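Report on the structure
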Amino acid sequence: GSYVLWKRPELATISTPMVMRGKLYALCRSEPGTRVEGERVVCADAVTGKTLWENRFNVFLSDVPAERVAWSHVAGDPETGRVYALGVCGLLQCIDGETGNTIWSRSLSEEFGVLTTYGGRTNTPVLFENLVILSGVTTGWGETARPAHRMLAFDKNDGRLVWLLSTRPSFLSK
């Protein structure tokens, strides 16, 4: 017998989907091969596969190959039902899992100089207590001017930066 409940080729993605509260969430390419191609978080009913909502956003970095769109994975917060997604251009979003509306967002490339290294490689957000934690190579101003791998922790409710930790470049560790 077959154990496949449903199949939706248009939701195919390299990103790992997540199921929470009876819904499947996935980061996918949006309108591939068109002039308006971008990225999207899709929510589908986990039993029927019917799309419940999509949250679409732009891919604005020209060095991102199509194969790297939707590189990371969504993270879910069972406590609030919110979904956290990091887009291929460094857009971090907190999304209402029921409606698909963006609650807050941060442009990590613009605000913290997060590099998506080799055009689109991004890390998956991790939830710990009240924090959404990410890492990446960043370059900024002042103390963060020198490129380094940094960990950024945001308040999961309002998106404010709680802390930022940095590795030391190897030539400084001696």
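Just so it is clear, the structure is predicted and the values come from calculations on it, not from any experiment. (Residues numbered from 1 in each chain as written. Predicted model: local features only at pLDDT ≥ 70, side-chain atom pairs only at ≥ 80, totals over all residues. Heavy atoms only, no water.)

Side note on the pattern of salt bridges
Spelled out, the test is: When a carboxyl oxygen of Asp or Glu is within 4 Å of a side-chain nitrogen of Lys or Arg, the pair counts as a salt bridge. Secondary structure is summarised from DSSP: a helix means a run of H or I of at least four residues, a strand means a run of E of at least two, and numbering begins at the N terminus for each. Exposure classes here rest on a 1.4 Å probe applied to the protein chains alone. A residue is buried below 20% of its type maximum, exposed above 50%, and partly exposed in between.
Overall, the coordinates contain 11 salt bridges when judged by the stated rule. For Asp 77, the salt bridge is made with Lys 156, and the minimal N-O distance between the two is 2.8 Å. With Asp 77 in strand E5 (residues 75-77) and Lys 156 in the loop between strand E12 (148-155) and strand E13 (161-166), this pair connects stretches of sequence that are 79 residues apart. Lys 156 shares its class with Asp 77; the two are buried. Here Arg 106 ties to Glu 111 by a salt bridge, and the two come within 2.5 Å at their closest N and O atoms. Through salt bridges with shared partners, a single network forms among Glu 31, Arg 40, Glu 54 and Arg 56.

A look at the side chain of Ser 30
Heads up, the rule is: For the purposes of these results, a polar contact is taken to be a pair of N or O atoms within 3.5 Å, where, inside protein, one atom must be able to donate a hydrogen and its partner to accept one; residues adjacent in sequence count only when each atom of the pair is a side-chain atom. Any two residues having at least one pair of non-hydrogen atoms within 4.5 Å are treated as being in contact.
Among the structural elements, Ser 30 can be located in strand E2 (residues 23-30). With relative accessibility at 2%, the residue Ser 30 sits in the buried group. Of note is the side chain of Ser 30, whose polar atom sits 3.2 Å from the side chain of Arg 56. Beyond its immediate stretch of four places on either side in the chain, Ser 30 contacts Val 36, Glu 37, Gly 38, Glu 39, Arg 40 and Arg 56.

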